[in-house]
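Each chain is listed here by its residues.
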Amino acid sequence: MAQTAPLIPRLVASSIAIANRAGEIIRNVMSKGDLGIVEKTGKNDLQTEADRSAQRCIITSLSKQFPSITIIGEEDEPSDSPVPSDWVVSEVDQDILRLECPDNLQQVSAEEVVVWVDPLDGTSEYTQGLLDHVTVLIGIAVGNRSVAGVIHQPYYNYQKENEPLGRTIWGIRGVGVGGFEPKAAPEGQRIITTTRSHSTPEVQATLDAMKPDNILRVGGAGHKVMLLIEGKAHAYVFASAGCKRWDTCAPEAILVALGGKLTDMHGKEYSYDKNTPFPNKGGVLATGKGENHEWYLEKVPEAIRKKLV
Ligand SMILES: *[C@@H]1O[C@H](CO)[C@@H](O)[C@H](O)[C@H]1NC(C)=O
């Protein structure tokens, strides 16, 4: 079975198992108590031992199974020390391999694939103990389009007893989603999710222009898109250049597989081509299925939109 399934489902099946292992590594670093925090740019951008180790697990495992794909990870920390053998994952999620794959994904070759990895999305929240904001993101692009994604939430249920810890959500465009119960956001309200730790006057002015009934300020693009697909928010609005392709590739694929949309503040989709610049310079606007994406775009103040190029 594993040999006969097309590349994209095989990549998703492996990414699910790999993201689960990365999540264990993240929990182990936390429970040992020494996060090994370093500041990456001096500008509210942290990296921990968990980011570094989870990325090594993901990249080593994926490149071993899929040597010809391009993999781009958030953390550029070349390390000469050998990767522990129990970080190299060879398991796959068998259920994914049995899915029907649409024609356009049947013939994808490894050379066309770019995998965007954020080993730990929501690092500041991780260091501050807001553990359910943390996700592992593995986004799969073909050419310039995000087509599939895996979001693992290592601390899902962490405040509940007797519930399994952690969960993994996946989506493939044209195939479907799994690992969670999709839900529509409540009618007659406007709930917007946005950044918790990277707000600016422009971010706030854009939110104000949309007159939300409620604003959910949470960490991580993965966590924000989860709020959309589980019906807790109608839109994710971030009028700032502060996030990167590895933050949006996986969440976008899952959201779009469900009928939602993710663009910049001009309504343009991001390219996930391997040569594309990393920053999402046009900001992020994501809306759940059935939401009027254009309505939100029109509300973005013109002066702010002009700066986001
Ligand atoms: C992807 O490439 C195609 C063909 O060159 C182009 O028409 C399309 O606009 C690109 N999409 C994105 C999101 O960059």
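About the cut-offs
- Residues numbered from 1 in each chain as written.
- Predicted model: local features only at pLDDT ≥ 70, side-chain atom pairs only at ≥ 80, totals over all residues.
- Heavy atoms only, no water.
- UniProt positions renumbered as here; feature names shortened; annotations may be inferred.
- Salt bridge = Lys/Arg side-chain N within 4 Å of Asp/Glu carboxyl O.
- Helix = DSSP H or I, 4+ residues; strand = E, 2+ residues; numbered from the N terminus.
- Buried < 20%, exposed > 50% of the residue type's maximum accessible area, 1.4 Å probe, protein only.
- Contact = heavy atoms within 4.5 Å.
- Near = heavy atom within 4 Å.
- Polar contact = N/O pair within 3.5 Å; in protein donor to acceptor, adjacent residues only side chain to side chain.
- Areas by Shrake-Rupley, 256 points an atom, 1.4 Å probe, with all protein chains shown as cover.
- Pairing = 2+ DSSP bridges.
- Axes fitted to C-alpha atoms, helices over the stretch in contact; angles between N-to-C directions.
- Lys, Arg positive; Asp, Glu negative; His and termini not counted.

An unreviewed UniProt entry lists the protein chain under the name 3'(2'),5'-bisphosphate nucleotidase 1, with Gryllus longicercus given as the organism. Per UniProt, the protein chain has the following entry under Sequence similarities (unreviewed entry): "Belongs to the inositol monophosphatase superfamily." Reading the Cofactor (unreviewed entry) entry of the UniProt record for the protein chain gives the comment "Mg(2+)".

Trainee: Please give an account of the pattern of salt bridges that cites residues and values.
Mentor: Counted according to the given criterion, the structure contains 10 salt bridges. For Arg167, the salt bridge is made with Glu230, and the minimal N-O distance between the two is 2.8 Å. With Arg167 in strand S7 (residues 167–172) and Glu230 in the loop between helix H7 (221–229) and strand S11 (235–238), this pair connects stretches of sequence that are 63 residues apart. With respect to class, Arg167 is no different from Glu230; both count as buried. Where Glu202 meets Lys307, a salt bridge forms, and the shortest distance between an N and an O atom there is 2.9 Å. Here Glu202 is found in helix H6 (residues 201–209), whereas its partner Lys307 is found in helix H10 (residues 302–307), with 105 residues between them in sequence. Residue classification places Glu202 among the partly exposed residues on the basis of a relative accessible area of 27%. Residues participating in the shared-partner salt-bridge network are Arg21, Glu24 and Asp86.

Trainee: Give me the environment of Ala250: which residues, what numbers.
Mentor: As for its placement among the helices and strands, Ala250 is situated in helix H8 (residues 245–257). Sequence-wise, Ala250 and Arg98 are 152 residues apart; in three dimensions their C-alpha atoms are separated by 21 Å. Setting aside residues no more than four positions away along its own chain, Ala250 makes contact with Leu137, Ile138, Gly139, Gly149 and Val150.

Trainee: Which residues make up the site of the ligand, and what are the values?
Mentor: Lining the immediate environment of the ligand, one finds Asn144, Glu269, Tyr270 and Ser271. At a separation of 2.3 Å, an oxygen atom of the ligand approaches a polar side-chain atom of Asn144. Bound to the protein, the ligand loses 36% of the 360 Å² it would expose on its own.

Trainee: Describe the side chain of His223, naming the residues involved and giving the relevant values.
Mentor: In this fold, His223 is placed in helix H7. Residues within four places of His223 in sequence aside, it is in contact with Asp132, His133, Thr135, Gln153 and Val218.

Trainee: Which residues make up the sheet that holds strand S10 (residues 214–218), and what values go with them?
Mentor: Reading across from one edge, S10-S9-S11-S13-S12 is the order of the five strands in this open sheet, with mixed pairing throughout. Sheet topology places S10 and strand S12 (261–263) at the edges, where each strand pairs with a single neighbour. For this sheet, the mean inter-axis angle between neighbouring strands, taken without regard to orientation, is 20°. Helix-sheet contacts for H7 involve strand S9 (191–195), S10, S11 and strand S13 (284–287), and the interaxial angle to S11 is about 150°. Running at roughly 145° to S12, H8 makes contact with S12 and S13 of the sheet.

Trainee: How would you sum up the side chain of Lys224? Please name residues and give values.
Mentor: For Lys224, the position within the fold is in helix H7. As a buried residue without a salt bridge, Lys224 has its nearest oppositely charged side chain in Asp121, at a separation of 6.7 Å.

Trainee: Summarise the environment of Gln189; cite the residues concerned and give the values.
Mentor: Note on placement: Gln189 falls in the loop between strand S8 (176–178) and S9. A C-alpha to C-alpha distance of 34 Å links Gln189 and Ile16, two positions 173 residues apart in sequence. With residues near it in sequence (within four places) discarded, Gln189 still touches Asp213 and His234.

Trainee: If you had to explain the environment of Val309 to someone new, which residues and values would you point to?
Mentor: Examined against the element boundaries, Val309 turns out to sit in the segment after H10. Separated by 68 residues in sequence, Val309 and Ala241 place their C-alpha atoms 8.5 Å apart. Excluding its chain neighbours within four sequence positions, the residues that come into contact with Val309 are His266 and Lys281.

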